[in-house]
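Here is what each chain is made of, one letter per residue.
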Protein chains: 2
Amino acid sequence: MSETVRVSSEKLLRFTTEVFERVRVPTAEAILIAESLVEADLTGVDSHGVSRIPIYVKRIETGVVNPASRLQILQEYPGAVIFDGCNSMGIVTGTRVMEYLLQKAETSGAVFATVRNSNHFGIAAFFTRRALAKDMVGFASSNAPSTMAPWGGIRPYLGTNPFSVAVPAGKQLPIVLDMATSVVAQGKIILAAKEGKQIPLGWAISKTGEPTTDPKEALEGTVLPFGGPKGYGIALLIDVLSGVLSGAAFGVHLNNMWNNFSDPQNVGHCFAAVDVKKFLPLEEFKAKIDQMILEIKGNPRAKGVEEIFLPGELEHRNRCRNLIEGIPMSKNVYEDLRQLGKRLGLAFD
Amino acid sequence: MSETVRVSSEKLLRFTTEVFERVRVPTAEAILIAESLVEADLTGVDSHGVSRIPIYVKRIETGVVNPASRLQILQEYPGAVIFDGCNSMGIVTGTRVMEYLLQKAETSGAVFATVRNSNHFGIAAFFTRRALAKDMVGFASSNAPSTMAPWGGIRPYLGTNPFSVAVPAGKQLPIVLDMATSVVAQGKIILAAKEGKQIPLGWAISKTGEPTTDPKEALEGTVLPFGGPKGYGIALLIDVLSGVLSGAAFGVHLNNMWNNFSDPQNVGHCFAAVDVKKFLPLEEFKAKIDQMILEIKGNPRAKGVEEIFLPGELEHRNRCRNLIEGIPMSKNVYEDLRQLGKRLGLAFD
């Protein structure tokens, strides 16, 4: 079950774009969705990659997600924008919001935005990386359907509520943190279940609160926050800002993407952009970030550690390898996509 | 050595204010410093309480910190402000910056600020709590002298880089997260060393990278980030924003408060304020936060867990108890303050 094949990213980009075009997503938006999913696979975040195509398509086909973006601005202030995603695809909504903020930050210096009525937005780094080309710092966060108990509890209340921050560097690679506030993204547990693999102890507890290595038990139970009560606190704040402040759903009131096809999810996001050159001369900032990166990589290492990494560095290496060797894909995911393609009249072989 | 006495908060407030007045801190600023330190003790964060008075005083007396605030605005944009703390007391600087942002957020909706040339700013929640009275969300972060190795390393590079977020509620207690990005604040290890106590395994490693329970070995070695590589990533980003972006020192270039009395620390901070009512009707926001809090507290509990807490709740309980019973203080700290008072001509008995 865990056998893998390698598929070229070009082929995946084309196929994914065509799939979404077939379900009436406008071409420019289908390309964005394809770019996000393939970028996730390229960087090794396969839980958020093309394995999500079938569920995204199913939600569009069942009419519970709008295929074409209808983003609206509800309010705008000098340092803040409030968006309504109008139940469009999260990846498209997030991209348009981030583009808007990157322009606004040129005059505002820094700008913060909330989004209500949205959907699963894929990898958060897909949005924050867009800030890098403009020499800005990007921030993105999202709430998610409840899979994680509050610290001390056993019933899911919070989502794995991820966030990402991207920071431009000079000659070094940019710093790109993208993390779930659970020990792992629930997507990794879903993928393990799909691939028939066990999960490590410490990722999740069963519905009775017992530690488990069975991904199916884990999905019925609750994933654990990273870093114990501190991670719980951060997950909670992401829901407060992305969910409550945005006017979206929060906690257990967020609808599940996987098993509810009658109600919109009403996911909420936050985004922010900070224009570096308004704070420091750009060359000074970049030189200092480079210096910081080199100093960290030069830190003496603990026994058994081969290299010290900055956030985003491993993803970059995955990307380089997978661009050349193709994206590794389990037979299960491969077969899912082949079947979907067949149904939509698209070849995947 | 671990014997404790109880001292009333009124007495500590008065004594602390007088101490700082004696070293030429203007009265209004001395009161702020006293309020922050006593608030830390009241809420149980004794690592950041009046035990810090001697080092704060020593830095003023050695001329390495300005006793009177000289805060400057370097640049201002619609959504951002860049401050220079001019080497004043961090607690005073942070308070003034936060007051400025709370006013600016009324028109900006959200505002972000950096501060360079500052000093240790005490508990971050002292600033974010100020947002609550104005029904705003407050954010504060600071870098700190290096005590924590990057993940996989053994030599301190990052500080324990704390941050706080405060969120207003309706009838429930506000949510106030205030945490170091290390497993514990270094102040707790310093206090353990002062009180001759051991520290739990997992807080820190020795200078050769071995786990240790000896606070002195820990202080020569490196504290560990909370949540492993994810906590390391967050600590790093706080230094990027509070240190590099602000134009302050960063990483190992931040001067140590405890043993360097010739150079300013050049600590950097970030602050932000978000005006809730610009995003949602205030009553709706507060009702939803109350609902969220009650739902979380009602989550079924794991075996052995008596109650599920929201961030800030335990601190609130400590505060209530310590206001009535007095602040618990180790004999060592008590004696330090008595001696300091004697030298400055102030009675502490």
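Residues numbered from 1 in each chain as written. Chains lettered and ligands numbered in written order. Predicted model: local features only at pLDDT ≥ 70, side-chain atom pairs only at ≥ 80, totals over all residues.

Residues Ala113 of chain A together with Ala113 of chain B are the most contacted members of the largest nonpolar core, which totals 232 residues. Sequence-distant contacts of alanine 113 of chain A, defined by excluding residues within four places in its chain, comprise Ala80, Val81, Phe83, Val97, Leu101, Cys270 and Phe271 of chain A. (Core = buried A, V, L, I, M, F, W, Y, C linked by C-beta atoms within 7 Å. Buried ≥ 20, exposed ≤ 12 C-beta atoms within 10 Å, placed from the backbone. Contact = placed C-beta atoms within 7 Å.)

Each copy of the sequence occupies a distinct position, and chain A is placed on chain B by a rotation of 180° and an axial shift of 0.0 Å, giving an RMSD of 0.0 Å. Read as a symmetry element, the transformation amounts to a two-fold axis. Of the interface residues in chain A, 100% have counterparts in chain B that sit at the interface too, so the contact is made through matching surfaces. (Least-squares fit on C-alpha atoms with pLDDT ≥ 70 in both.)

Quick look at the packing of helix H1 (residues 9-22) of chain B against helix H2 (residues 27-42) of chain B now. Packed helix pairs are characterised by how far apart their axes lie and by the angle those axes make with each other. Residue and element names in this part refer to chain B. In contact at an axis separation of 8 Å, H1 and H2 are set at 140° when each is read in the N-to-C sense. As summarised for this structure, H1 and H2 are arranged oblique, according to the angle between their axes. Considering the relative orientation of H1 and H2, their crossing is right-handed. The segment H1 lies against H2, with Ser9, Leu12, Leu13, Thr16, Thr17, Phe20 and Glu21 engaging Thr27, Ala30, Ile31, Ile33, Ala34, Glu35, Leu37, Val38, Asp41 and Leu42. When the residues that make up the contact of H1 with H2 are grouped by side-chain class, the tally is ten nonpolar, four polar and three charged. (Axes fitted to C-alpha atoms, helices over the stretch in contact; angles between N-to-C directions. Helix = DSSP H or I, 4+ residues; strand = E, 2+ residues; numbered from the N terminus. Parallel < 35°, antiparallel > 145°, perpendicular 65-115°, else oblique. Left-handed = near helix turned anticlockwise from the far one by under 90°. Nonpolar A, V, L, I, M, F, W, Y, C, P; charged D, E, K, R; others polar.)

All names here are of chain A. Partitioning chain A into structural domains gives domain 1 (1-61 + 329-349), domain 2 (68-182 + 225-279) and domain 3 (186-224). Relative placement of domain 1 and domain 2: their C-alpha centres are 23 Å apart. Taken together, the 13 residues of domain 1 in the interface contact twelve residues of domain 2. Mapped onto the side of domain 1 that touches domain 2, the elements with two or more residues apiece are helix H2 (27-42) and helix H3 (53-61). Looking at the side of domain 1 that touches domain 2, the element that brings in the most residues is H2, giving seven residues. (Domains from an automatic or database assignment.)

In this section: the interface of chain A and chain B. When the parts of a complex come together, some accessible area is lost, and that lost area is often used as the size of the interface. Tallying the contact residues gives 59 residues for chain A and 59 residues for chain B. Contributing elements (two or more residues each) for the side of chain A that touches chain B: strand E2 (72-77), strand E3 (80-84), helix H4 (90-108), strand E4 (110-118), strand E6 (163-167), strand E7 (175-179), helix H8 (229-245) and helix H9 (282-297) of chain A. Ranked by residues supplied to the side of chain A that touches chain B, first place goes to H8 of chain A with eight residues. Classifying every residue of the side of chain A that touches chain B gives 37 nonpolar, 15 polar and seven charged.

A separate point is unusual backbone geometry. If a residue is not glycine, its phi is most likely negative; likewise, a peptide bond is most likely trans. Residues and elements named next belong to chain B. Despite not being glycine, arginine 24 has its phi angle at roughly 70°, a positive value. Inspection of the secondary structure puts arginine 24 in the loop between H1 and H2. On the basis of neighbour count, arginine 24 is assigned to the exposed category, with 12 C-beta atoms found within 10 Å. Within the chain, aspartate 135 stands out as a residue other than glycine whose phi angle is a positive 55°. If you trace the backbone, aspartate 135 turns up in the loop between helix H5 (125-128) and strand E5 (136-142). For aspartate 135, a count of 13 C-beta atoms within 10 Å puts it in the partly exposed group.

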